[in-house]
Amino acid sequence: MMFMAKETPQGDEPGRIEPLGTFGRYAGPATLILASLADGSKHGYALTKDIEAFAGVRLAPGTLYEALSRLEGQGLIEAMESHDRRRPYRLTAMGAATLRAHLDAQRRVADLGLRRLASSWGPA
Amino acid sequence: MSEMPEAAARRAARLLRWYPRDWRARYGDEFAELLIADIGERPKSRRRHADVAISGIVARLIPTGLTGHAIDPADQVRASLASLGCLLGVFLSFGMAMWSQLAIGWQWSEPDTTATFAAMVLMSGTMLLFSALAVLAAVPIAWRVATRVARRQSHGLVLPSLLFFAGAAFLVIGSRHFGNGWPGTGGHPWAHQGLVPGGVAAFAWASTLSVSSYWAHPGALSSFPAAELAWMAVSPVAMIFLVTGAARTIRRADLSPGTLRYEAFLAHVTAFGMLAFLSGACAWVVNGGFGPRNLFHAGTIDMAGLIVMAVALIVSYRAIQRARHGSLGLLER
């Protein structure tokens, strides 16, 4: 199950965590981007290379920027000042909370799946 | 990266054209940098081109409220309702053409299949529902526009309102004129024996004359009176004026959150109506029989109409979902 923080209409406090519904096919890329930004800011090309290195997935440019614009719109990442044409992005507090909730949920599913596999099919 | 190969920069610039101006102003430079790097690493990539094209189209659809981008709840409802209005215009253009064909057929004789009979009853009932919904939806918007005009706050509303009224007036006058001129309905002594009054059937028929398979047969088309041909060509433009005017009025009327929630509720009911109408149309096209055996035969244009209506309904469902999402956001305020 995937989760995404939603900004409350009233203000800019970290929002409640609600099921991801609005990202559609960009949910996967959004998760990879958030995970990549967890250890510091990166611009588009650096994000592509980092994600390719840790996930083995090369995000196409259009997909990457569609996900970036949605994440920025939701307040999960923010653009930083740039002195050249490449603009770095960093995680916001809400983005960090969202990523943590999402990865926790994924870990629960992974742990459960591995336990069931071990009990039915034996240890790996 | 500072030494941009000219060819890669040109290709990146071409790819950027898929995106709208606002998007390019915000992301254009950095996105071009990424594209140039990507082109340098993978000079020939169809996947990249397709990916950029799809993402660019999605970016162009953001103002329609259909894409799921985070926007203000009130803007979301307004954009979704405006999109729904446009989709409903397309749906009804084809739907009314089908319905009027059946209504006119029934002026002369009763349908000879149960499917056509049931379809006609369902489609006619839905048409009544659409009429009631149109009135219910229009009243608060018209009231809001009138209030703003009275307070001299009509900035941004005058042009869309004029567009709407010009389109509506042209369609009504033209449809009345060409509907009265056709002997198959209102003016015929045998008329008024069907489910739908002859005048209404003639009006619907004339207003959708442009939805015709005659466009594929220029020889037959050339035998039409010039005035009728001109009407067939111009009436869709009037319909576009009407729908565009209505959509822009919805977006600019600054409706209250309560009104927006009310309109979003009506949009839900509209979806059920569209589904019922399409079911009726399907029943007729599938079971009503092909070939010119009787007045109720379904033709190629009706098959094409079904496809267009189905697509319009699917996209409308998305618009209604997004309107509901925005409506829930308004409730949290």
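The residue numbers shown here count from 1 along each chain, following its written sequence. Just so you know, chain letters begin at A and ligand numbers begin at 1, following the order they were written in. Only residues with pLDDT of at least 70 are given local features in this predicted model, and only at 80 or more are side-chain atom pairs given and counted; all residues enter the totals for whole chains, interfaces and linings.

**A few points about the overall build of chain A**
Part 1: Counting secondary structure elements, chain A contains 4 helices and 4 strands.
Part 2: When the helices and strands of chain A are placed in sequence order, the string is β-β-α-α-α-β-β-α.
Part 3: Put simply, a residue is buried when 20 or more other C-beta atoms lie within 10 Å of its own C-beta and exposed when 12 or fewer do; between those, it is partly exposed, and each C-beta is set from the backbone. Within chain A, the proportion of its 124 residues that are buried is 35%.
Part 4: Two residues form a contact once the distance between their C-beta atoms, set from the backbone, is within 7 Å. Counted over contacts in chain A with a minimum sequence separation of 6, partners at least 24 positions apart contribute 50%. Here a helix means four or more residues in a row that DSSP labels H or I, a strand means two or more in a row labelled E, and each is numbered from the N terminus.

**Topic: the overall build of chain B**
Part 1: Looking only at helices and strands, one finds 11 helices and 0 strands in chain B.
Part 2: Taken from N to C terminus, the helices and strands of chain B fall in the order α-α-α-α-α-α-α-α-α-α-α.
Part 3: For chain B, the C-alpha atoms occupy an extent of roughly 80 × 50 × 40 Å along the three principal directions.
Part 4: When each of the 333 residues of chain B is scored for burial, the buried share is 40%.
Part 5: Here the analysis covers contacts within chain B between residues at least 6 apart in sequence; of these, 80% occur between residues at least 24 apart.

**Looking at the interface of chain A and chain B**
Part 1: Across the contact, 20 residues belong to chain A and 24 residues belong to chain B.
Part 2: Those elements that place two or more of their residues in the side of chain A that touches chain B are α2 (44-55) and α3 (61-73) of chain A.
Part 3: The element contributing the most residues to the side of chain A that touches chain B is α3(A), with 8 residues.
Part 4: Lys, Arg, Asp and Glu make up the charged group, whereas Ala, Val, Leu, Ile, Met, Phe, Trp, Tyr, Cys and Pro make up the nonpolar group; the residues left over, Gly among them, are polar. The class makeup of the residues in the side of chain A that touches chain B is 6 nonpolar, 9 polar and 5 charged.

**A few points about the nonpolar core**
Part 1: The nonpolar core is taken to be a set of buried Ala, Val, Leu, Ile, Met, Phe, Trp, Tyr and Cys residues joined by way of C-beta atoms within 7 Å. Residues Leu84(B), Phe91(B), Trp99(B), Ala103(B), Ala281(B) and Ala323(B) are the most contacted members of the largest nonpolar core, which totals 65 residues.
Part 2: Going through the elements one at a time, α4 (73-108), α5 (114-150), α6 (158-180), α7 (198-207), α9 (226-252), α10 (257-287) and α11 (300-331) of chain B are the ones with two or more residues in this core.
Part 3: With 18 residues, the single largest contributor to this core is α4(B).
Part 4: When neighbours within four sequence positions are excluded, Phe91(B) is seen to be in contact with Met274(B), Met309(B), Ala312(B) and Leu313(B).
Part 5: Residues Leu64(A), Leu71(A), Tyr89(A) and Tyr27(B) belong to the second largest nonpolar core, which totals 37 residues.

**Remarks on the packing of α4(B) against α10(B)**
In a packed pair of helices, the relevant descriptors are the angle between the two axes and the axis-to-axis distance.
Residues and elements named next belong to chain B.
Part 1: Between α4 and α10, the least distance of the axes is 10 Å, while the angle of their chain directions is 30°. Considering their axes alone, α4 and α10 lie roughly parallel with respect to each other. Relative to α10, the crossing made by α4 is left-handed. Contacts between α4 and α10 involve Ala74, Val77, Arg78, Leu81, Leu84, Leu88, Phe91, Gly95, Met98 and Leu102 from the former and Pro257, Leu260, Glu263, Ala264, Ala267, Thr270, Met274, Phe277, Ala281 and Trp284 from the latter.
Part 2: Class assignment for the residues of the contact of α4 with α10 results in 16 nonpolar, 2 polar and 2 charged. Note on method: axes are straight lines fitted to C-alpha atoms, helices fitted across the in-contact stretch only, with angles between N-to-C directions ranging 0 to 180 degrees. Any angle that falls under 35 degrees is termed roughly parallel, while one over 145 is termed roughly antiparallel, one within 65 to 115 roughly perpendicular, and all others oblique. Crossing handedness follows the turn of the near helix against the far one: under a right angle anticlockwise gives a left-handed crossing, and clockwise gives a right-handed one.

**As for the environment of Leu112(A)**
Part 1: Within the element layout of this structure, Leu112(A) appears in helix α4 (residues 93-121).
Part 2: Considering only alpha carbons, one finds Leu112(A) and Tyr26(A), 86 residues apart in sequence, at a separation of 26 Å.

**Comments concerning unusual backbone geometry**
All names here are of chain B.
Part 1: Of note, arginine 152 is a non-glycine position whose phi angle comes to about 55°, a positive value.
Part 2: Phi is positive for aspartate 254, which is not a glycine, with a value near 55°.
Part 3: Relative to the helices and strands, aspartate 254 is located in the loop between α9 and α10.
Part 4: Take aspartate 254: there are 14 C-beta atoms within 10 Å of it, and that puts it in the partly exposed class.

**Here we look at the confidence of the model for chain B**
Residues and elements named next belong to chain B.
Part 1: The predictor's confidence in any single residue is recorded as pLDDT, a number from 0 to 100. Looking at chain B, the pLDDT average stands at 86 and 92% of residues meet or exceed 70.
Part 2: Put simply, helix α8 (residues 218-221) is where chain B has its lowest mean pLDDT, 83, and helix α3 (residues 46-60) is where it has its highest, 93.
Part 3: Per the prediction output, this complex has pTM 0.78; the corresponding ipTM is 0.78.

**A short note on the environment of Phe117(B)**
Part 1: For Phe117(B), the location among the structural elements is in helix α5.
Part 2: For the pair Phe117(B) and Trp106(B), spaced 11 residues apart in sequence, the C-alpha to C-alpha distance is 9.5 Å.

**A look at the confidence of the model for chain A**
Residue and element names in this part refer to chain A.
Part 1: On average, residues of chain A carry a pLDDT of 82, and 81% of them reach 70 or more.
Part 2: Within chain A, no element has a lower average pLDDT than strand β1 (residues 3-5), which sits at 41, and none a higher one than strand β4 (residues 89-91), at 95.
Part 3: Overall, residues 1-19 carries pLDDT values under 50, and its contacts beyond four positions in sequence, including any with other chains, amount to 45 contacts.

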